[in-house]
Amino acid sequence: MTKIGMIRCEKNENKCPLTNCIKCHDQTIQGFSGYDVCSLAGVFTCRCPGDNFTDMVKILKAKGAESVHVVTCAFSKKEQEGWKLGNGFCENIDALAINAAAEAGIPVTKGTAHLPEGYTPEVFK
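Heads up: these notes are all about the structure in this document. Note that this is a predicted model, so its numbers are computed, not measured.

### So, the overall build of the chain
Right, so step 1: Along its length, the chain carries 3 helices and 7 strands.
Right, so step 2: When its helices and strands are written in sequence order, the chain yields β-α-β-α-β-β-β-α-β-β.
Right, so step 3: A compact globule built from 125 residues would reach a C-alpha radius of gyration of about 14 Å, and the chain, at 13 Å, matches this within 12%.
Right, so step 4: Considered along the principal axes of its C-alpha atoms, the chain spans approximately 40 × 35 × 25 Å.
Right, so step 5: For the chain, contacts bridging at least 24 residues in sequence account for 66% of all contacts bridging at least 6.
Right, so step 6: Element-wise, carbon and sulfur atoms account for 48% of the exposed surface of the chain, whose accessible area totals about 6,700 Å².

See the structure below:
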């Protein structure tokens, strides 16, 4: 069983209760399809401009997380025809994820639920 942490964006916290992200986590589908079984280590909300993102990843690791996933809406946008890569809530998510993975020493993956068509979750180590 792999312990997973999740980081969401403040720009969507009052609209989305992470229902589908948690469902995908529990069923190991979409962004979590690479795991056999997952256990949720914890969830944080990132506040702009993300200065504490690395600290959140480190805390999740200290709480047992072996990997951290960033919610899809941070880097993708829901459009009429479905989710499209780009124009998500965070324009700096790649830099934040790269830095956090390097400093915390655990993978940070972009993707949870609602993956854009053809998108394979990007893993930063």
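### Topic: the packing of aromatic side chains
Right, so step 1: Tallying each qualifying case throughout the model produces 1 aromatic pair.
Right, so step 2: Both rings, one in Phe 75 and one in Tyr 119, keep their centres 5.3 Å apart while their planes meet at 45°; by these two values the pair is tilted. Taken together, the positions of Phe 75 in the loop between β3 (67-70) and β4 (76-79) and Tyr 119 in the loop between β6 (108-110) and β7 (122-124) put the pair 44 residues apart, joining distant regions of the chain.
Right, so step 3: Looking at Phe 75, the relative accessible area reads 6%, which means it is buried.
Right, so step 4: Across from the ring centre of Phe 75, 4.9 Å away, lies the NZ or CZ of Lys 110, which sits over that ring.

### Side note on the sheet that holds β6
Right, so step 1: On the basis of which strands lie adjacent, the open sheet formed by 5 strands has the order β2-β1-β3-β6-β7 and mixed pairing. Where the open sheet ends on each side, the last strands, each with one partner, are β2 (38-46) and β7. Averaged over all pairs of adjacent strands, the angle between their axes in this sheet comes to 25°, without regard to strand direction.
Right, so step 2: Taken together, the 3 bridges between β3 and β6 define a ladder with parallel strand orientation. From the neighbouring strand, Val 68 faces β6, where its bridge partner is Val 108.
Right, so step 3: Sheet strands touched by helix α1 (residues 19-27): β1 (2-9) and β2. Its angle to β1, the strand with the most contacts, is close to 165°.
Right, so step 4: Across the sheet, helix α3 (residues 93-104) lies against β3, β6 and β7, angled at about 160° from β6, the strand it touches most.

### Focus: the nonpolar core
One broad trend across soluble globular proteins is that nonpolar side chains are buried collectively.
Right, so step 1: Counting 33 residues, the largest nonpolar core has Ile 7, Phe 32, Phe 53, Val 57, Val 68 and Val 108 as its most contacted members.
Right, so step 2: Those elements that place two or more of their residues in this core are β1, α1, β2, α2 (53-62), β3 and α3.
Right, so step 3: Looking at this core, the element that brings in the most residues is α3, giving 6 residues.
Right, so step 4: Ile 7 has contacts with Phe 44, Cys 46, Phe 53, Met 56, Val 57, Leu 60, Val 68, His 69, Val 70 and Val 71, leaving out every residue within four places of it along the chain.

### Concerning the environment of Ser 76
Right, so step 1: Along the chain, Ser 76 falls in strand β4.
Right, so step 2: Along the chain, Ser 76 and Phe 89 lie 13 residues apart, while their C-alpha atoms are 7.6 Å from each other.
Right, so step 3: If we skip the residues at most four places from it in the chain, Ser 76 touches Trp 83, Lys 84, Leu 85, Gly 86, Asn 87, Gly 88 and Pro 116.

### A closer look at the pairing of β4
A regular strand places its side chains on the two faces of the sheet in alternate fashion.
Right, so step 1: Where β4 lies against strand β5 (residues 82-85), 4 bridges are found, and the strand directions are antiparallel. Residue pairing for β5: Lys 77 is matched across the bridge by Lys 84.
Right, so step 2: Adjacent in sequence and paired antiparallel, β4 and β5 are bridged by 2 residues.

Here is what the cut-offs are and how they apply
Residues numbered from 1 in each chain as written. Predicted model: local features only at pLDDT ≥ 70, side-chain atom pairs only at ≥ 80, totals over all residues. Heavy atoms only, no water. Helix = DSSP H or I, 4+ residues; strand = E, 2+ residues; numbered from the N terminus. Rg over C-alpha atoms; globule rule 2.2 N^0.38 Å. Contact = heavy atoms within 4.5 Å. Areas by Shrake-Rupley, 256 points an atom, 1.4 Å probe, with all protein chains shown as cover. Phe/Tyr/Trp six-rings, centres within 6.5 Å; stacked < 30°, edge-to-face > 60°. Buried < 20%, exposed > 50% of the residue type's maximum accessible area, 1.4 Å probe, protein only. Lys NZ or Arg CZ within 6 Å of the ring centre and 35° of its normal. Pairing = 2+ DSSP bridges. Axes fitted to C-alpha atoms, helices over the stretch in contact; angles between N-to-C directions. Core = buried A, V, L, I, M, F, W, Y, C linked by side-chain atoms within 4.5 Å.

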